[in-house]
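Summary of structural features
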Amino acid sequence: MTAVETFVPTDLTKLYTDPSYEPTLDEWNWLIHKGGAAYKSELSARTVFESELFGMNTYILMSMMEDYLRVPERIRTITAQHTATELVRKELSIGTKKNFINLAAMPLHYMTGREIFVDLGENSLEQGLDDQLTVLRFWREATIAMREDDVLFNMDADPADSSRVVNSSTLDSIRAELHPVDDAMRLKLRKLGARLTGYMFLENCDARTAVCDTGPYHLGDGTFLFLRELCADKYGEFPWLDGIREGLAHHQFVLAYRLPDSVKMDNNVWGTAWFDPSNYLDEVLDARVFISDENGLRPLHSDEVDAVEKSVRGAHRALYSRFADTDPEQRNLYATQMYSWKLKSWARVAGCYDDIDWAITPRIAESYEKFSDPAVALGLIGGIFVPADRDSCFRPIGLGA
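Residues numbered from 1 in each chain as written. Predicted model: local features only at pLDDT ≥ 70, side-chain atom pairs only at ≥ 80, totals over all residues. Heavy atoms only, no water.

Take the overall build of the protein chain next. A tally of regular secondary structure across the protein chain gives 15 helices and 8 strands. Taken over the C-alpha trace, the protein chain has a radius of gyration of 21 Å; the compact-globule value for 401 residues is 21 Å, and the two agree within 12%. Across its three principal directions, the C-alpha atoms of the protein chain cover 60 × 55 × 40 Å. Going through the 401 residues of the protein chain one by one, you find that 56% of them count as buried. In the protein chain, of all internal contacts separated by at least 6 residues, the share reaching a separation of at least 24 is 77%. Here the protein chain contributes 42 positively and 63 negatively charged side chains, and the mean placements of these two sets differ by 3 Å. (Helix = DSSP H or I, 4+ residues; strand = E, 2+ residues; numbered from the N terminus. Rg over C-alpha atoms; globule rule 2.2 N^0.38 Å. Buried < 20%, exposed > 50% of the residue type's maximum accessible area, 1.4 Å probe, protein only. Contact = heavy atoms within 4.5 Å. Lys, Arg positive; Asp, Glu negative; His and termini not counted. Charge placed at Lys NZ, Arg CZ, Asp CG, Glu CD.)

Here it is in structure tokens:
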């Protein structure tokens, strides 16, 4: 076993909950290894990414390389205005793209970009420590501020494989607005959930970054709340949605479900839930559809839910037609932008959105021809996501090995 694998932090409480504490290099590498091992475990089941419209392995490579080049600089611009803690507290931690799934993905994607550059022979393992620590510090501080369960990773929570980012007061407010679910409402929820999920994936180029799950939030009465956030582009950040986003009745949603404890919910490292039984909607006791805006969460009435479903159906058709008529290389550029723009929501809250150059680095944009070769893309991404010689996607920082 390596030194990183045998190292054990002496004070997990401080490491997990004290934003003023500066971890040692050994502690940072312990966290990197832990996150990378969970990442590998999840990705080993689905290393081949498939999409009808997008070359997913291609844009994943390009966007993660872009992350490695640009994220540290962008974080420095953002934190010059506000700390990560302040940014989390400026708005509710659910119902926007400044949410758990994008925060959890930030260091995972950035560190994957580092591995790609090393495997391509363009960087060494010794390079980039200051930048790497900039990203890790931001992620750790923001995660401490966002989570309510005193851990940094879902697998360490109690119960294991859960994430709780909503405080008791907000949970009480959500629960007070829930309605009992009858067969008609169950069908409506099923249709709306499927429609929103399908559209959010399409809007985000078949990536899951706009669908975030948190919970279970156990209520102490044999039931729990499960919250699913679905966030469309509200502010014009994705140019491929111009003329389409305006037709949506609303853009940021939280679907709240109360379920019996007999249903098991697991939430993976970046915030995607799995249920046993898988037809968990059949077990829902109470539910409500909320929208998220500058005033927080507002529950929708039945006729408003119908209007949302209708508007999303129209937007989905229009966007699919637009993508189908778009040149494949341009579609790939859209996808690369989408996956490397996770900090846009943070910059907007910080008030420095226009101070950041969001353009894709020219050398990354020009790498499409190379990485669009399926053999090249799959060979590189497979060796990084499921490396045969180690149990973590990521190698230590600052050690040269």
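Turning next to the nonpolar core. Grouped together as the largest cluster of nonpolar side chains are 130 residues, with contacts concentrated most on Tyr59, Ile78, Tyr199, Trp240 and Trp346. With 11 residues, helix H4 (residues 56–79) is the largest single contributor of residues to this core. Among residues more than four places away in sequence, those in contact with tyrosine 199 are Ala232, Leu241, Ile244, Leu248, Val312, Ala315, His316 and Leu319. (Core = buried A, V, L, I, M, F, W, Y, C linked by side-chain atoms within 4.5 Å.)

Looking now at the packing of aromatic side chains. Scanning the model with the defined rule gives 21 aromatic pairs in all. Arranged with centres 4.9 Å apart and planes meeting at 65 degrees, the rings of phenylalanine 226 and phenylalanine 275 form a pair that is edge-to-face. Here phenylalanine 226, found in strand E3 (residues 223–231), pairs with phenylalanine 275, found in strand E6 (residues 273–276); they are 49 residues apart in sequence, far enough to count as distant. As far as the burial class goes, phenylalanine 226 and phenylalanine 275 line up, both buried. Ring geometry for phenylalanine 323 versus tyrosine 334: centroids 6.5 Å apart, planes at 50 degrees, classification tilted. With phenylalanine 323 in helix H10 (residues 302–324) and tyrosine 334 in helix H11 (residues 328–339), this pair connects stretches of sequence that are 11 residues apart. In terms of burial, phenylalanine 323 and tyrosine 334 fall into one category: buried. By the ring-pair criterion, three or more aromatic residues cluster together here, those being Phe54, Tyr59, Phe238, Trp240, Phe323, Tyr334, Tyr339 and Trp341. (Phe/Tyr/Trp six-rings, centres within 6.5 Å; stacked < 30°, edge-to-face > 60°.)

With that out of the way, let us pick up the packing of H4 against H11. In contact at an axis separation of 8 Å, H4 and H11 are set at 45 degrees when each is read in the N-to-C sense. The orientation of H4 with respect to H11, classified from their angle, is oblique. Where H4 crosses over H11, the handedness of that crossing is right-handed. Across the interface between the two elements, Thr58, Tyr59, Ile60, Met62, Ser63, Met64 and Asp67 from H4 touch Asn332, Ala335, Thr336, Met338 and Tyr339 from H11. Of the residues in the contact of H4 with H11, the class split is 7 nonpolar, 4 polar and 1 charged. (Axes fitted to C-alpha atoms, helices over the stretch in contact; angles between N-to-C directions. Parallel < 35°, antiparallel > 145°, perpendicular 65-115°, else oblique. Left-handed = near helix turned anticlockwise from the far one by under 90°. Nonpolar A, V, L, I, M, F, W, Y, C, P; charged D, E, K, R; others polar.)

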